[in-house]
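Here's the letter readout for the chains.
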2 protein chains.
Amino acid sequence: MKQRETATIEDVARIAGVSIATVSRAVHHPGKVAEATRKKVNAAIAKTGFTANAMAQSLRNKSSKMILALVPDISNTFFANILLGLEAAASRRGYGLLIGNTENDPRTEATYLNYTRSNKADGIVLMTGHLPYGAAEVRQHLPPIVAACEAIPDEYVPFIGVDNRHGARIGVRHLVELGHRRIAYISGPASNILSIDRLAGYEEALGQMGLPVDRDLILDGDFSIEGGRLAVERLFIRDSLPTAFFCANDDMAIGVLLALSKRGFIVPVDFSVLGFDDIPFSSCTTPPLTTVRQPRRLIGEAAMEKMLDMVERKPTNEGPVILPVELIIRGSTGAPGGFGLSRAI
Amino acid sequence: MKQRETATIEDVARIAGVSIATVSRAVHHPGKVAEATRKKVNAAIAKTGFTANAMAQSLRNKSSKMILALVPDISNTFFANILLGLEAAASRRGYGLLIGNTENDPRTEATYLNYTRSNKADGIVLMTGHLPYGAAEVRQHLPPIVAACEAIPDEYVPFIGVDNRHGARIGVRHLVELGHRRIAYISGPASNILSIDRLAGYEEALGQMGLPVDRDLILDGDFSIEGGRLAVERLFIRDSLPTAFFCANDDMAIGVLLALSKRGFIVPVDFSVLGFDDIPFSSCTTPPLTTVRQPRRLIGEAAMEKMLDMVERKPTNEGPVILPVELIIRGSTGAPGGFGLSRAI
DNA sequence: ATGTTTTATGTAAAGGTTTACATTCTTGTC
DNA sequence: GACAAGAATGTAAACCTTTACATAAAACAT
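The shown structure was predicted, so the numbers you read here are calculated from the model rather than taken from an experiment.

Novice: Where do I start with the overall build of chain A in this structure?
Specialist: Broken down by element type, chain A carries 12 helices and 12 strands. Relative to the globule expectation of 20 Å for 345 residues, the C-alpha radius of gyration of chain A, 26 Å, shows a markedly less compact shape. Pairs at least 24 apart in sequence give 73% of the contacts found in chain A among residues at least 6 apart.

Put into structure tokens, the structure is as follows:
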């Protein structure tokens, strides 16, 4: 038997002895086709192993059933977990997920933006904190867009994530309640919206607890482990040290932990360290990290639901979707006062 | 001015005053079109902001310029780094990467397999260790497939990865050279090809160094942190302990580190721990993990190159692509003999 | 039996490209 | 100046679906 190329709807129609229109209907609107015919068609489909050509469908339907997720870095476990949620929700609704790794490179962003212009994707979920490069120029032709985790400033793009200010507030409050009075804030990039929101929460919490904000205790980082490490080094040049570190994300908190340990300090005896995000690895540090958890998978799922509602023009309530954060208390925070003690041993 | 839908090739042709065939040629075979005409066409393209409809192209060309990567778990940093390489190589050659998270679920695998049958993807990079569910039935219609990291047993599918046996050998040799005589092997799932290869390397190394293989020191794990933890617990029920642990991957090594630390042991004084992979976090454990590094990004790039050569029918030498491993010595391995010492303090 | 409604099926267009083939125009050769 | 070869462009088919519309058949009402 000759090896046939993959069967088309025409092959099915011929074998079933009906027109191609009927085949299509039997598949998509079974109610509109007589019972007997439907059976013949299904038999023919089974026999040929027919699978509709998705490209032809997309062309005809002007919809690819694909959603593009734009991330600065897939290998970042924080994003990876969001992607898991996005994927789950997408496939539940019959959509596929296209993942674009931008590395914050404008050219890459522009390339991916073209995916929607060329109909490869029906919408974009942004985790980059900004519209893709080139989006402003084609504003009229923009597809549905939502922002997960990191809100897009200035633009009207629905946001799905957590209340970062509130998260920072409960974290810092926890430190204050433990007795800390001098708490450093290790920020992400200064212009980053997450950095800014979490800083605001930090200041608010201090204010509410009647503590002053000491500008010297606010340091810029970059959300990386190395950034956390460096912040500690810079701080230790000064004369007046904090007793606790609130880091704008877990990666930096890990860096802080590492730097402190290298200097011979014991956490949480000498210093407390608090992170943000609760990435999977946070429970494996020494000591395990106390942190503010973001429900990453849920964020991903909610973002995708919103996206698909937009794509399918379902009624969706305007405004952001805010999911709850949770303070996860582990071993890296404790009462202050041991400072110098452990070191003296 | 009325808001036009995205421009088609026809709009461009009209504005440039040429036929659509000429527009297409001007774009894809500029040499076949007169200089003057080409300019007119380019001007028209710029004016309309034309982007070719990728679906129509795919339909016509029978190629989507997309490659599907199948992974059991995107959130695993090991895979994430491979994906980075896949993506980089793909986009260098004008292809997009579609990522499928299978969770080893047969239905999900079958769904993704359909992506190629329906022309959504031109080929599949497998990191699942087995052909996707449903592949056997449609063997004739299978697209180009390559296996990255984890070879596919029984099937002829090009493999791109490292020599796992060799990697295990150099790791274990390192331990033996440090003076260890009783080395435990914490395996992945028993049927997993990686587990098997690394076990073989472990046994070979012991043999070469004139040491016996003690079956009691070989424990099943599952490549997870928890699995590493449990292996330690199971081992500590026995009377004769090893002085070192060789773990089939870093996650389990981290679990071992955690379990040991919880029991009050100091690594590497009481025990040495060796991992495999060198995931990003391995340098952040306490102590930092000694491990056998796989060049993950390179593996991803090589796998994609191979894939695209197959898709584009370029001549590609048969057989696997084996990349070098590297022993990364950090703080979790050292000479044995301190056993019980640190604990006594 | 006739006419009307409902149901089932078929015909053909449309969706946007690319390219084989046909046609027209240039250029060059003798 | 006639003719051949080569270059530039156009025409139309093909890729595979879905669906509006047309038609045919069946069911029903009178």
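Novice: Just checking my understanding: could you explain the protein's contact with DNA strand D for this structure?
Specialist: For DNA strand D, the set of nearby residues contains 24 residues, the closest of which are Ile 9, Ala 21, Ser 24 and Ala 56 of chain A together with Ala 21 of chain B. Secondary structure elements with two or more residues in the surface near DNA strand D: α2 (20–28) and α4 (54–61) of chain A together with α2 (20–28) and α4 (54–61) of chain B. Top contributing element to the surface near DNA strand D by residue count: α2 of chain A, with 5 residues. The residue makeup of the surface near DNA strand D, split by class, is 11 nonpolar, 9 polar and 4 charged.

Novice: In this structure, what is going on with unusual backbone geometry? I would like to understand it.
Specialist: For residues besides glycine, phi is generally negative; the peptide bonds are generally trans as well. A cis amide bond, omega -10 degrees, links Thr 286 of chain A with the succeeding residue Pro 287 of chain A. Within the secondary structure, Pro 287 of chain A sits in the loop between β9 (272–277) and β10 (290–293). The phi dihedral of Asn 119 of chain A falls on the positive side, at around 70 degrees, and the residue is not glycine. Residues other than glycine seldom take positive phi values, yet Lys 62 of chain B does so here, at roughly 55 degrees. Along the chain, Lys 62 of chain B turns up in the loop between α4 and β1 (66–71).

Novice: When you look at helix α8 (residues 193–208) of chain B in this model, what are you seeing that I'm missing?
Specialist: In an α-helix, one turn spans 3.6 residues; hence positions three or four apart end up facing the same way. Residue and element names in this part refer to chain B. For α8, built from 16 residues, the straight-helix expectation of 22 Å at 1.5 Å per residue is met to within 8% by its first-to-last C-alpha distance of 22 Å. Taken residue by residue, α8 has Leu 194, Ser 195, Asp 197, Arg 198, Leu 199, Gly 201, Tyr 202, Ala 205 and Leu 206 as its buried positions. At its buried positions, α8 is contacted by α7 (164–178), β6 (183–187), β8 (244–247) and β9 (272–277). Just downstream of α8 lies Gly 210, where phi reads positive at about 75 degrees.

Novice: Looking at this model, I keep getting lost on the UniProt feature "domain: HTH lacI-type" (unreviewed entry) in chain A. Mind explaining?
Specialist: If you check UniProt for "domain: HTH lacI-type" (unreviewed entry), the listed places come out as residues 7–61 of chain A in our numbering. Along residues 7–61 of chain A one finds 71% helix and 0% strand; the C-alpha atoms at either end are 21 Å apart.

Novice: Looking at this model, I keep getting lost on the protein's contact with DNA strand C. Mind explaining?
Specialist: In the vicinity of DNA strand C lie 27 residues, with Ala 21 of chain A together with Ile 9, Ala 21, Ser 24 and Ala 56 of chain B positioned nearest. Residue assignment for the surface near DNA strand C shows that the elements contributing at least two residues are α2 and α4 of chain A together with α2 and α4 of chain B. At 6 residues, the largest contribution of residues to the surface near DNA strand C is made by α2 of chain B. Residue composition of the surface near DNA strand C, by class: 14 nonpolar, 9 polar and 4 charged.

Thresholds, definitions, all that
- Residues numbered from 1 in each chain as written.
- Chains lettered and ligands numbered in written order.
- Predicted model: local features only at pLDDT ≥ 70, side-chain atom pairs only at ≥ 80, totals over all residues.
- Helix = DSSP H or I, 4+ residues; strand = E, 2+ residues; numbered from the N terminus.
- Rg over C-alpha atoms; globule rule 2.2 N^0.38 Å.
- Contact = placed C-beta atoms within 7 Å.
- Near = placed C-beta within 6 Å.
- Nonpolar A, V, L, I, M, F, W, Y, C, P; charged D, E, K, R; others polar.
- Expected span 1.5 Å × (residues − 1).
- Buried ≥ 20, exposed ≤ 12 C-beta atoms within 10 Å, placed from the backbone.
- UniProt positions renumbered as here; feature names shortened; annotations may be inferred.

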